[in-house]
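Analysis of the macromolecular model
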Amino acid sequence: YELKLETDHGTISICLPESGLIRVSGTGEVGLEVYSDMMRINDLHENIRDMYDGSWQIFYAMICNLLLVPIRGKLDVEAPWNWRLTYTEYIKATFYPDNDGHMEFAIEEFLDREGAKRSFYPTYEESVQAVQADFQDFLSHIPPMKNPLYESVREQAAWTSWSHIVSPSRKIMRPMIMMMHIYMAHCSGWQQATHAVCLSGDMELSYQLLRSMYDFQGEDGMIADVVSDFWGQMKAGKPPYQGFALL
């Protein structure tokens, strides 16, 4: 439910309690640095701004905005401004613990708009509990194994599918499975059909996965092969896997 980085000087814990939100907690004499090279793309000038409420917002050209929010501890930002090309050359944001050795902060994603700091963020413990509850609800729809020896495999398979679900975003209109996050970062149609069968214990989710590719159906009736939140393509069409899934 969380990622822990343990050192001789302290521990940093990270979890994702909801779509678009990262919560980080640290104890001991450790901090965390967030670094990003920035670009100028045509008339799009990437930059970071002090929001004058303790938070800083990163404006990327084509992806999203990221809001850095210190909750406990200190945030230092190094971001040289290139006044000739009018963009921020790089960002080095460093979060430090307070005098008691505690650090908490949030990184929040905003799509297609400027973000704003919330008036209240759940505690890190509440964030972990939210992740745990969401996974347990997902797991409850996965049929148990007849042989108890394979129960751990069931949980691992469920975790893999659950952790690769992406929420509706831009062109993606309903929950989908994105099994590849780096190379070929997109949702494949055959994977939606395969997971729809395997996750049929949750009929609503199964239907949404099976229905998802039809959101990209062309006027000629052709169904997209792969899609992302930015695009969809009709190349390399597959056999009618939706029909196989319904069988």
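Everything discussed here concerns the structure shown above.
All of the points below concern the structure found in this document.

Calculation notes
Residues numbered from 1 in each chain as written. Predicted model: local features only at pLDDT ≥ 70, side-chain atom pairs only at ≥ 80, totals over all residues. Heavy atoms only, no water. Salt bridge = Lys/Arg side-chain N within 4 Å of Asp/Glu carboxyl O. Helix = DSSP H or I, 4+ residues; strand = E, 2+ residues; numbered from the N terminus. Buried < 20%, exposed > 50% of the residue type's maximum accessible area, 1.4 Å probe, protein only. Phe/Tyr/Trp six-rings, centres within 6.5 Å; stacked < 30°, edge-to-face > 60°. Contact = heavy atoms within 4.5 Å. 1 Å grid on protein atoms, 1.4 Å probe; cavity = no way out; pocket = protein on both sides within 12 Å on 5 of 7 lines; lining within 4 Å. Points joined across faces, edges and corners; volume = space filled by probe spheres on them. Nonpolar A, V, L, I, M, F, W, Y, C, P; charged D, E, K, R; others polar.

All told, the structure shown has 12 salt bridges when counted by the stated rule. Here aspartate 98 ties to arginine 72 by a salt bridge, and the two come within 2.6 Å at their closest N and O atoms. Highlighted residues: aspartate 98 in the loop between β13 (90–96) and β14 (102–110) and arginine 72 in strand β9 (residues 65–72), separated in sequence by 26 residues. The exposure class assigned to arginine 72 is partly exposed, which follows from its relative accessible area of 36%. Across the salt bridge formed by aspartate 215 and arginine 174, the nearest N and O atoms sit 2.7 Å from each other. Taken as a pair, aspartate 215 in the loop between α4 (203–212) and β18 (226–227) and arginine 174 in the loop between β15 (165–166) and β16 (176–177) lie far apart in primary sequence, 41 residues in all. In the salt-bridge network here, residues are joined through shared partners; they are Glu18, Glu108 and Arg118.

Let us now look at the packing of aromatic side chains. In total, this model carries seven aromatic pairs according to the counting rule given. With a centroid separation of 5.8 Å and an interplanar angle of 25 degrees, the aromatic rings of tyrosine 35 and tyrosine 90 are classed as stacked. Here tyrosine 35, found in strand β4 (residues 32–37), pairs with tyrosine 90, found in strand β13; they are 55 residues apart in sequence, far enough to count as distant. We classify tyrosine 35 as partly exposed; its relative accessible area is 44%. Aromatic side chains tryptophan 159 and tryptophan 162 sit 4.9 Å apart centroid to centroid with 50 degrees between the ring planes, which places their arrangement in the tilted category. Pair noted here: tryptophan 159 and tryptophan 162 are both in helix α2 (residues 151–163), with a separation of three residues, about one helical turn. Take tryptophan 159: its relative accessible area is 34%, and that puts it in the partly exposed class.

The next subject is helix α3 (residues 189–198). Helical geometry: 3.6 residues make up each α-helical turn, so side chains three or four residues apart lie on a common side. All buried positions along α3 are accounted for by Gly189, Gln191, Gln192, Ala193, His195 and Ala196. Those residues of α3 that are buried lie in contact with α2, β16, β17 (187–188), α4 and α5 (241–246).

Of the voids in this model, the largest pocket is the one considered here, and its volume is about 1,600 Å³. If you trace the largest pocket, you find 48 residues lining it, with Leu16, Ser19, Gly20, Ile165 and Val166 closest to the centre. Residue assignment for the lining of the largest pocket shows that the elements contributing at least two residues are β2 (10–18), β3 (21–28), β14, α1 (124–139), α2 and β15. In terms of residue class, the lining of the largest pocket is built from 28 nonpolar, nine polar and 11 charged. Counted as a void, the second largest pocket has a volume near 160 Å³. Along the walls of the second largest pocket sit Phe138, Ile142, Pro143, Met145, Arg154, Ala157, Ala158, Ser161, His195, Cys198 and Leu199, which together make up its complete lining. At the level of secondary structure, the elements contributing two or more residues to the lining of the second largest pocket comprise α2 and α3. The element best represented in the lining of the second largest pocket is α2, accounting for four residues.

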